[in-house]
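Structural features, examined
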Amino acid sequence: MKAVIYFSLSKKKSSKKIALEIPGKHFEIIPVKKTIKCVPMQMFYYGYLTVANKSVDIVPIDIDLNSFDEITLVSPVWGGQVNVYMRQFLLDNPLKNKKITIIGSCSGGHKNYFSSFDKLIDSSNEIVENIIYVKGIKI
Ligand SMILES: Cc1cc2nc3c(=O)[nH]c(=O)nc-3n(C[C@H](O)[C@H](O)[C@H](O)COP(=O)(O)O)c2cc1C
């Protein structure tokens, strides 16, 4: 069984759209705090939380990880890397012995996105595919 775990923030909800097209059981990462709507403020504040490795509160997801052998993670690239909310999900829910696909959504800069998952994903897992979408198009 495959779980598709996603986080999406922008008005376009690019990561959510990508995630919902993938077959599996879908789980959304939801921040506890109300999110900022103003884009420049988003860039500043969420960019800071991400690159400064801050922790955030996410609503606990009701997922029995033992029921899934495949996990697909879909989320936006922030500051060139995994965003603070997907990172928090992986810290709160350590994955073990899974086949993992990592998908990123971005507007062009994703240099450290996949490598930034290295310290969050235990070596018992197998990364089966890394996929990037730039402006909604799969590269
Ligand atoms: C805080 C913040 C940082 C971002 N950093 C990057 C980045 O480093 N590279 C990039 O290409 N896009 C960056 N973006 C743009 C998003 O990755 C892009 O719009 C993404 O498709 C949004 O996905 P979503 O609709 O699922 O939220 C950033 C956006 C925000 C809010």
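Heads up: the structure comes first, above all this text.
Residues numbered from 1 in each chain as written. Predicted model: local features only at pLDDT ≥ 70, side-chain atom pairs only at ≥ 80, totals over all residues. Heavy atoms only, no water.

**Observations regarding the packing of aromatic side chains**
Stated precisely, the cut-off is as follows: Stacked, tilted and edge-to-face are the three classes assigned to paired rings of Phe, Tyr and Trp, where Trp is represented by its six-membered ring and a pair needs centres within 6.5 Å; plane angles under 30 degrees give stacked, over 60 edge-to-face, the rest tilted. Type-normalised accessible area, obtained with a 1.4 Å probe on protein chains alone, sets the label of each residue: buried when under 20%, exposed when over 50%, and partly exposed for intermediate values.
Scanning the model with the defined rule gives nine aromatic pairs in all. Plain terms: the ring middles of Tyr 45 and Tyr 46 are 5.5 Å apart, the flat faces sit at 55° to each other, and that makes the pair tilted. Given the relative accessible area of 31%, Tyr 45 is considered partly exposed. Note on Tyr 46: relative accessible area 3%, which makes it buried. Arranged with centres 5.2 Å apart and planes meeting at 70°, the rings of Tyr 113 and Phe 114 form a pair that is edge-to-face.

**Examining the side chain of Ser 75**
Put simply, the rule is: Comment: elements are numbered from the N terminus, with helices defined as DSSP H or I runs of at least four residues and strands as E runs of at least two. Contact between two residues is taken to exist if any of their heavy atoms lie within 4.5 Å; hydrogens are not considered.
Summarising the element assignment, Ser 75 is placed in strand E3 (residues 70–78). With near-sequence residues (within four places) excluded, Ser 75 lies in contact with Phe 7, Ser 15, Asn 83, Met 86, Ile 103, Gly 104, Ser 105 and Tyr 113.

**As for the side chain of Ser 15**
Along the polypeptide, Ser 15 turns up in helix H1 (residues 14–20). Dropping the residues within four chain positions of it, Ser 15 is found in contact with Phe 7, Ser 8, Val 74, Ser 75, Pro 76 and Ser 105.

**Focus: the layout of surface pockets**
Going by this rule: Grid points spaced at 1 Å over the protein atoms alone were grouped into cavities, where a 1.4 Å probe fits but cannot get out, and pockets, open sets with protein on both sides within 12 Å along at least five of seven lines, with lining residues defined by an atom within 4 Å of a point. Grid points are joined across faces, edges and corners, and a volume is the space filled by probe spheres set on the points.
In this structure, the largest pocket encloses a volume near 930 Å³. Residue assignment for the lining of the largest pocket shows that the elements contributing at least two residues are H1, helix H2 (39–51), E3 and strand E5 (99–106). Looking at the lining of the largest pocket element by element, the count peaks at five residues for H2.

**Examining the site of the ligand**
Using the following cut-off: By convention in these notes, a residue is near a molecule or strand provided one of its non-hydrogen atoms lies within 4 Å of it. The definition of a polar contact used here is a pair of N or O atoms within 3.5 Å, where within protein one atom must be able to donate a hydrogen and the other to accept one, and adjacent residues in sequence count solely through side-chain atom pairs. Reported accessibility uses the Shrake-Rupley method at a 1.4 Å probe radius. Residues are deemed covered only where the shown protein chains occlude them. Those molecules having more than half of their atoms within 2 Å of a cavity or pocket grid point set are described as sitting in that cavity or pocket. Gly counts as polar in this scheme, as do all residues outside two lists: the nonpolar Ala, Val, Leu, Ile, Met, Phe, Trp, Tyr, Cys and Pro, and the charged Asp, Glu, Lys and Arg.
Near the ligand there are 20 residues, and of these Ser 8, Ser 10, Ser 15, Gly 80 and Ser 105 occur at the shortest range. Within the side chain of Ser 8, one N or O atom sits 2.6 Å away from an oxygen atom of the ligand. Here a nitrogen atom of the ligand and a backbone polar atom of Gly 79 are 3.0 Å apart. Burial of the ligand by the protein chains amounts to 85% of its free accessible area of 660 Å². With respect to the detected pockets, the ligand is housed in the largest pocket. At the level of elements, H1, H2, E3 and E5 are the ones that each hand at least two residues to the shell around the ligand. At four residues, the largest contribution of residues to the shell around the ligand is made by H2. Counted by class, the shell around the ligand contains seven nonpolar, twelve polar and one charged residues.

Take it as geometry only, folks, not as evidence of what the structure does.
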